[in-house]
Amino acid sequence: MPTLLAENIHTLLTFDDQRREILDGALFVRDGFIELVGTTAQVRAALRETPDETLSLRDHVVLPGLVNTHHHMFQSLTRVTPSGQDHELFGWLRAHYGMWANLRSEMIYVSTLTAMAELILSGCTTSSDHLYLYPNDCRLDDSIRAASEIGMRFHAARGSMSLGESKGGLPPDRLVEDEDAILRDTQRLIETYHDKRRGAMLRIVVAPCSPFSVSQDLMRESARLARAYGVHLHTHLAENDNDVAYSLEQFNLTPAQYAESVAWLGTDVWHAHCVKLDAHGIGLFAQTSTGVAHCPSSNMRLASGIAPIRAMLQAGVRVGLGVDGSASNDSGHMLAEARMALLLQRVSGDPKALTARQALELATRGGAAVLGRDDIGALAVGMAADFIAIDLNQVAFAGAWSDPAAALVFCAPPTVAYSVINGRVIVREGQITTIDLPNVLRRHNAYARQLADMPTR
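This text gives an overview of the structure that appears in the document. (Residues numbered from 1 in each chain as written. Predicted model: local features only at pLDDT ≥ 70, side-chain atom pairs only at ≥ 80, totals over all residues. Heavy atoms only, no water.)

### Let's talk about the layout of surface pockets
- Each pocket or cavity is described by its volume, and for the largest pocket that value is around 280 Å³.
- If you go around the largest pocket, you meet 17 residues; those closest to its centre are Arg94, Tyr97, Gly98, Thr456 and Arg457.
- The leading source of residues in the lining of the largest pocket is helix α2 (residues 89-100), at five residues.
- Partitioned by chemical class, the residues of the lining of the largest pocket number nine nonpolar, four polar and four charged.
- Here the second largest pocket is characterised by a volume of approximately 180 Å³.
- Surrounding the second largest pocket, Met1, Ile144, Ala147, Ser148, Gly151, Met152, Met201, Leu202, Ile421, Asn422 and Arg424 form its lining.
- It is helix α4 (residues 140-150) that contributes the most residues to the lining of the second largest pocket, three residues altogether.
- Classifying every residue of the lining of the second largest pocket gives seven nonpolar, three polar and one charged. (1 Å grid on protein atoms, 1.4 Å probe; cavity = no way out; pocket = protein on both sides within 12 Å on 5 of 7 lines; lining within 4 Å. Points joined across faces, edges and corners; volume = space filled by probe spheres on them. Helix = DSSP H or I, 4+ residues; strand = E, 2+ residues; numbered from the N terminus. Nonpolar A, V, L, I, M, F, W, Y, C, P; charged D, E, K, R; others polar.)

Structure (structure tokens):
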């Protein structure tokens with residue numbers, strides 16, 4: 001793999017253990033990993049060869065690639081669905097299930113490419129995706145193919161729904177799967193694709209959808225399967241009041257108690273949302289090192305509430321950021337999520353509830369910890385070469401050069417000038433280099449129109 005030097009960086013935000021912010025910074029990369037970090041003068045002095053490629057990033061701020069811990073990429077096909085614009089979670093889901101029942105394999109592939117392109121242009125270099133329905137010929141392999149083509153570091157979550165309306169669940173019966181078939185396919189995916197090595201570009205996650213769409217048996221068996229193979233677990237939990245009410249009515253347990261009852265706590269587990277996680281649940285998550293994917297824009301869009309992120313962080317809970325589905329957020333911009341996270345924690349009246357750097361840390365180191373990665377989220381020797389560069393010479397940053405790190409969060413969310421993933425330049429001068437994005441978007445919009453026009457019963 002070619003060597004790469006990024007130098008003359010206006011401000012290099014390392015998010016390393018010392019949280020160094022280096023003026024006139026530089027990075028040297030070999031075989032997908034960082035070999036040198038420091039000032040341009042220091043890195044140049046240490047070099048013993050001519051790099052295969054050099055990026056001069058004067059007037060750019062560089063930071064670790066952002067880590068997205070929760071998404072449903074297929075939903076980019078059903079953004080702003082009129083019947084779903086003004087509902088809370090359960091009503092919103094019911095407004096979309098009929099459309100999603102018409103999904104096909106190529107739709108999953110193209111929507112994943114589209115969602116990943118949006119993420120990458122917003123600074124994301126690693127993403128999880130929770131694909132939890134498999135109508136017609138859809139497979140998680142469709143998403144994996146897209147990630148390989150575009151060059152994104154990917155945690156592919158094999159979601160599932162097994163509890164239809166006839167058995168007390170929320171989804172229609174035609175969208176659920178047999179539980180034995182779910183477990184067999186999940187095992188197939190792990191054995192075929194999961195890469196446990198440091199620096200892995202692809203990992204598989206075991207991810208039953210939610211307490212209101214799968215049985216307790218499937219949750220327990222999924223946990224056993226994941227731990228037998230050493231892979232991570234992911235689901236939705238405590239997203240809104242109706243979610244909590246369902247848990248109390250069906251199981252006589254709070255969401256955190258439910259998670260404990262089915263062995264879904266631990267360093268290998270992260271839950272999406274946790275908006276309604278109570279004090280006992282926060283303590284339980286902290287004691288067990290269970291992770292949380294905070295999705296502020298989606299939580300606001302669906303009127304779910306404000307997740308107690310400040311309390312979680314103070315208790316020691318691992319927290320990362322997620323954009324959530326493209327039909328409950330209608331956007332996939334990670335820096336926008338960092339900004340929303342900061343603003344939402346301050347709404348309660350505390351202007352210090354979350355700082356700009358803390359918000360960026362959630363999007364980098366925090367997300368890496370939630371996904372169980374020790375090789376991304378910071379720029380240091382031995383870490384994966386995932387970093388982004390943002391040009392400060394744009395109108396949104398006029399007057400904000402006194403603190404470029406804070407500008408990334410307080411000012412209007414930008415797109416990136418460069419994105420390097422695994423040592424490979426994926427975005428160059430604001431353009432994705434690995435796919436024909438205009439053609440992908442044409443196909444994506446055609447599929448979106450097709451879904452909108454199809455019968456939903």
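### A few points about helix α9 (residues 279-288)
- Of all the positions in α9, only Gly281, Ile282, Leu284, Phe285 and Ala286 are classed as buried.
- Buried residues along α9 sit against β10 (232-237), α8 (255-261), β11 (269-273), β12 (291-294) and α11 (309-315).
- Once α9 finishes, serine 289 follows within two positions and takes phi at roughly 60°, a positive value. (Buried < 20%, exposed > 50% of the residue type's maximum accessible area, 1.4 Å probe, protein only. Contact = heavy atoms within 4.5 Å.)

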